[in-house]
Amino acid sequence: MREKEKCRKGNMQYFCMYTAGFLAAALLLLLIFAKEHASFTKMADGVAQHYAVLMWIRNTLRQFLHGNFALPMVDFSVGQGFDVIGTLNYYGVGDPVNLLTVFFADNHLDQMYMFLILFRMYLSGLTFSYYCSTAGIQRKASVLCGSWLYVFCSFALIGGMKHPLFLNGMLYLPLLLAGTEKVLQKKSIRFLSVSVALAFMSNYYFMYMNTILCGIYLCVRLFGHYREYGIRKILLLILKMAAAWIWGICLGAVIILPSVYAFLHNARVDTAVEEAQNFYSIAHYRKMILGFFQTLPMTNGWTVHGTAIGGLAGVLMLFTSKKRSRENCQLKIGFVVLLVLLCIPFGGKMMNGFAYVTNRWSYGMAFLCALMAAQAVADLKEQNTKIESEKTENNKSIETDEKNSTTIEGKKTSLDDLSPKSKKFAKIYNAVRFLVIIAGGVALIYASYSLTESYLNYKDDEKKYASLNDMFVQDAKGNTGSDSSAGLNGNKALNNSEVSDSNSTANSTNSNASNTGSGTTSSNSSSSDTLNYSADSKKWVWNYDAMLKYNDEAKGYIKLDGTRIQYPIFEHSDNKYYLKHGADKIYNGAGAIFIDYRTAGLEGDMCILYGHNMLDGSMFKEIMNFRDKDFCKKHPTFDIYIGRKHYIYYVFSVFSGKDVDEKIYQYGFENKSDFQSWIDRVYSKSTYKFNTRKPTTDDKIIMCSTCVDDYGNRQLVCMYRGEEVVD
């Protein structure tokens, strides 16, 4: 009785510590978003997909509460497909967590969206803790360490906040593994069956991945017991697992079967399957290594497995430990298996239903790294306990305790006392352990070097462009100033263009608008639109001649008020040079803003500008912000300096595309008709409709392009030339 009471108090203490730590970290996360005036709903597909479906689920549940139990099987109003259960299961129509939506008022829907994301993360840590308890990791401090690493892993911070449904994979994986562990411990399959049902109802896509991960887990666990169990017992365990899965599917059949039916009859199923390459690019492996240490903003094919330095430290500690317990050996085998799957495209293809290559299952590696960290901390605690025991106990009692403990180190013997077979195994084991230590050390040194190099390059670029801007900051007497921050944006006052969703009609028409060409007044600007510059002691004045002396390939300058997009524009004889060279023509990974040499340039009908999407927010990083409706409202225009002239350019289309789309990336037009077709195409693709006129073939258009990921996805901003400004 006392043991139960002690256990209950220990669990409650752990629960309070875990909850307090999570709330502190979550509060810090929310403060960061508040400081940036950002919201979870504004990330990636938040508004367009997940928020819309969540609202539909909430409204449907509220109808149930008011006595209307009619559930439409077909609904075209959601915008994600017509079949409710089959299509919306991917978005969590069967997820029990979404039942909480009924408790939020209409004026707190944004908070509801954020709460459900954080709540799923919180539950993921609790399920991780429950698995550790089931697997025999009893030390609370070690489990607490692992749970926090798992909850705030890269996959949760990137995938979970961009796509809340991705957290379902993280949430149910520990429950499924805990159920599998119970089956291995000869307990009932009820827990596993219920977990299977809940996971399938919440999201069949991630349940498919979790099924494969559970299969890998079962194989590794049985491999460690194959001599003890024997073939017959192993087959019986596999049959029990299969029975639990079938029972779980039957429990959730009302949602699972329609979802599977809709998937099998989806038009995408009949499309050609992407051929997987044998290996990824060098850049992918570099980012994969860095991903163990830091959270990268780009998904790298959803290879976002990092658990910060804590998870990797746990991995290295287990691999370098001399403790040869069965549990640690199985963790190492599991790590090697998952690492191999991460390193080959076939692994991503298999986990994605043998469609295209993506590693959306990388939370499995995050789970394993967090688990290895928890085990490593537990081993350290155990080692400290043994050291203390050695001070008070004799060698005989120590040996007796070791024989009776659940983790058996075995007697410490030299190689000379071992049999020839054991000697060979010991030598191989020590050699492998040595190679892992070397590999881990090399990876750590390389990652540290890469991070340091990137940081120094960022700082160096920042200083160079700050000094470059100093050339254009002048005081009232026309002398060059040293404070580049004063007057950089010219204190220009323009009426903001209104922006509306792409599926709605623009709030005003431009029927009286006239075509705008170079040097004319823009049709979307009224007569009251003025360009007023302050009479501050210092102001930013473009000096093309000074820029040419700095770099003879300079063609102009691009500025976006209130952002870091304030860079000179260059043009080389190819598109490779300024990918890796800065404004000073010195090699630099950040590159520069440059013109596609295949276009007619800034004075041509259509010009393409390229810039990197840098981690520190420089170059064209803030082009990504045009995915946000509020950002579009605040930044309807660019200042473009071409030669010695200054123009206002009006944004008319923002969208995402592929770099291989020849209908978007065109470098010249045979006639006006082709040019107009291109304008029509990019205008119709806009995520938002701007209250600006549609450009014509008489306009000069610039398209800014930056990379979204390593798979050819690009963010594009198109704008046409408005009035010329006399500075």
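These numbers come from a predicted model, not from an experiment.

S.K.: Help me understand the overall build of the chain in this model?
M.R.: The secondary structure content of the chain amounts to 21 helices and 12 strands. Among the 727 residues that make up the chain, the fraction classed as buried is 48%. Taking as baseline every contact in the chain between residues at least 6 positions apart, the subset at least 24 positions apart corresponds to 70%.

S.K.: Would you take a moment to explain the packing of helix α9 (residues 204-223) against helix α10 (residues 226-251) for this structure?
M.R.: Two measures define how a pair of helices packs: the angle their axes make with one another and the distance between the axes. Packing of α9 against α10 brings their axes to within 10 Å, and their N-to-C directions diverge by 160°. Looking at the two axes, α9 sits roughly antiparallel to α10. For the crossing formed where α9 meets α10, the hand is right-handed. Mapping the contact onto sequence places M207, T211, C214, L218, L222 and F223 in α9 and Y226, Y229, I234, L237, I238, M241 and W245 in α10. Taken together, the residues that form the contact of α9 with α10 break down as 12 nonpolar, 1 polar and no charged.

S.K.: Can you help me understand the packing of aromatic side chains in this one?
M.R.: Two descriptors summarise a pair of aromatic rings, namely the distance from one centre to the other and the angle between the planes of the rings. Evaluated as defined, the whole model comprises 40 aromatic pairs. A ring pair is formed by F626 and F631, whose centres lie 5.0 Å apart and whose planes are at 90°; its orientation type is edge-to-face. Across this residue pair, the class does not change: F626 and F631 are buried. One aromatic cluster in this structure is built from Y14, Y18, F22, F104, F115, F119, Y122 and F152. Taking the ring centre of Y647 as reference, the NZ or CZ of R721 above it sits at 4.1 Å.

S.K.: Would you explain unusual backbone geometry in this entry?
M.R.: If a residue is not glycine, its phi is most likely negative; likewise, a peptide bond is most likely trans. If you check the backbone angles, K186 has positive phi at about 65° while not being a glycine. Residue placement: K186 occurs in the loop between α7 (167-184) and α8 (190-202). Residue class for K186 comes out exposed when judged on its relative accessible area of 62%.

S.K.: Looking at this structure, how should I read a nonpolar patch on the surface?
M.R.: Taken together, the side chains of V194, W247 and L251 present a nonpolar region at the surface, about 270 Å² in accessible area. Mapped onto the elements, L251 comes out in helix α10. The class of L251 is partly exposed, set by a relative accessible area of 45%.

S.K.: Please explain the pattern of salt bridges as it appears in this structure.
M.R.: Side chains carrying opposite charge are able to pair once their charged atoms draw close together. Under the definition given, this model contains 11 salt bridges. A salt bridge links E5 to R8; the shortest N-O distance between them is 2.8 Å. A residue pair is termed a helical-turn pair when its members lie 3 or 4 positions apart in one helix, as E5 and R8 do in helix α1 (residues 2-35) at 3 residues. A relative accessible area of 46% means that R8 is categorised as partly exposed.

S.K.: When you look at the environment of D605 in this model, what are you seeing that I'm missing?
M.R.: Along the polypeptide, D605 turns up in the loop between β6 (593-595) and β7 (606-610). Given a relative accessible area of 34%, D605 falls into the partly exposed group. Once the C-alpha coordinates of D605 and K700 are considered, the two residues, 95 residues apart in sequence, prove to be 4.8 Å apart. Not counting residues within four places of it along the chain, the set of residues in contact with D605 comprises F675, D699, K700 and I701.

S.K.: Just checking my understanding: could you explain the nonpolar core for this structure?
M.R.: Of all hydrophobic cores here, the largest spans 112 residues; its most connected members are M121, F155, W245 and F335. For M121, the residues in contact, after removing those within four places along its chain, are Y18, F22, V151, F152, A156, L157, M161 and L167. In terms of nonpolar packing, the next biggest core, distinct from the first, is built from 67 residues, M606, Y610, F631 and I701 among them.

S.K.: It is not clear to me how the pairing of β7 should be interpreted in this structure. Could you clarify?
M.R.: Remember that side chains alternate between the two faces of the sheet whenever the strand is regular. Of all 5 residues that make up β7, 5 are buried, and the element is covered over most of its length. By the alternation rule, side chains of β7 split into M606, I608 and Y610 and C607 and L609, which are all buried. Of the strand pairs in this sheet, β6 and β7 are connected by 2 bridges, and their pairing is antiparallel. The residue of β7 that forms the bridge with F594 is Y610. Direction of pairing for β7 relative to strand β11 (residues 701-707): parallel, over a ladder of 5 bridges. Bridging across to β11, Y610 finds its partner in S705.

S.K.: Explanation requested: the sheet that holds strand β12 (residues 713-725) in the structure shown.
M.R.: Two pairing modes exist for strands in a sheet, parallel and antiparallel, and in both the strands are linked by backbone hydrogen bonds. Reading around the barrel, the 8 strands line up as β4-β5-β6-β7-β11-β12-β9-β8 and close back on themselves, with mixed pairing between neighbours. Averaged over all pairs of adjacent strands, the angle between strand axes in this sheet comes to 30°, irrespective of strand direction. Note: strand β4 (residues 554-559) against strand β8 (residues 637-642), 4 bridges, orientation antiparallel. Looking at the pairing, G556 lines up with I642 of β8. Of the strands in this sheet, β7, β9 (645-658), β11 and β12 touch helix α21 (residues 672-684), which is tilted by about 65° from β9.

S.K.: Help me out: how do you make sense of the confidence of the model for the chain in this one?
M.R.: Close inspection of predicted coordinates is inappropriate in any region flagged by low pLDDT. Mean pLDDT over the chain stands at 78; residues scoring 70 or higher make up 73%. In this model residues 482-536 is a low-confidence stretch, pLDDT under 50, and it forms 127 contacts with partners more than four residues away in sequence or in other chains.

S.K.: What exactly am I supposed to notice about helix α14 (residues 326-343) here?
M.R.: Every α-helix winds through 3.6 residues per turn, so residues three or four apart in the chain are directed the same way. The end-to-end C-alpha separation of α14 is 26 Å, in line with the 26 Å expected for 18 residues at 1.5 Å each. Turning to α14, its buried residues number three or more, namely N328, Q330, L331, K332, G334, F335, L338, L341 and L342.

S.K.: What exactly am I supposed to notice about the state of the cysteines here?
M.R.: Simply put, disulfide is the name for a covalent bond between the sulfur atoms of two cysteines. By the definition in use, this model includes 0 disulfides. C704 provides the cysteine sulfur closest to C607, a residue in no disulfide bond, and the two sulfurs are 8.6 Å apart. On the basis of relative accessible area, C607 is assigned to the buried category, the value being 1%.

S.K.: Hey, could you run me through the pairing of β12 in this one?
M.R.: Of all the 13 residues making up β12, 11 are buried; the element is thus mostly covered by neighbouring parts of the structure. Strand direction decides the pairing type here: β9 and β12, joined by 11 bridges, are antiparallel. Across the sheet, residue H646 finds its bridge partner in β12, namely V725. Pairing analysis gives 7 bridges linking β11 to β12, with the strands arranged antiparallel. Within the sheet, the bridge partner assigned to C704 lies in β12 and is V717.

S.K.: Help me understand α7 in this model?
M.R.: The terminal C-alpha atoms of α7 lie 27 Å apart, and with 18 residues this matches the ideal 26 Å at 1.5 Å per residue to within 8%. L173 marks the point of greatest bend in α7, at about 25°, and the proline P174 comes within the next four residues. One or two residues past the end of α7 sits K186, with phi positive at roughly 65°.

S.K.: Help me out: how do you make sense of the environment of T101 in this one?
M.R.: You can see T101 is positioned in the loop between α3 (84-88) and α4 (109-135). Beyond its immediate chain neighbours, meaning those up to four positions away, T101 contacts L54, R58, L61, M112 and L116.

About the criteria used
Residues numbered from 1 in each chain as written. Predicted model: local features only at pLDDT ≥ 70, side-chain atom pairs only at ≥ 80, totals over all residues. Heavy atoms only, no water. Helix = DSSP H or I, 4+ residues; strand = E, 2+ residues; numbered from the N terminus. Buried < 20%, exposed > 50% of the residue type's maximum accessible area, 1.4 Å probe, protein only. Contact = heavy atoms within 4.5 Å. Axes fitted to C-alpha atoms, helices over the stretch in contact; angles between N-to-C directions. Parallel < 35°, antiparallel > 145°, perpendicular 65-115°, else oblique. Left-handed = near helix turned anticlockwise from the far one by under 90°. Nonpolar A, V, L, I, M, F, W, Y, C, P; charged D, E, K, R; others polar. Phe/Tyr/Trp six-rings, centres within 6.5 Å; stacked < 30°, edge-to-face > 60°. Lys NZ or Arg CZ within 6 Å of the ring centre and 35° of its normal. Patch = residues over 30% accessible without salt bridge, like charges linked within 9 Å, V, L, I, M, F, W, Y side chains within 5 Å. Areas by Shrake-Rupley, 256 points an atom, 1.4 Å probe, with all protein chains shown as cover. Salt bridge = Lys/Arg side-chain N within 4 Å of Asp/Glu carboxyl O. Core = buried A, V, L, I, M, F, W, Y, C linked by side-chain atoms within 4.5 Å. Pairing = 2+ DSSP bridges. pLDDT = per-residue confidence, 0-100. Expected span 1.5 Å × (residues − 1). Disulfide = S-S within 2.5 Å. Bend = angle between axes of the 7 residues up to and from the residue.

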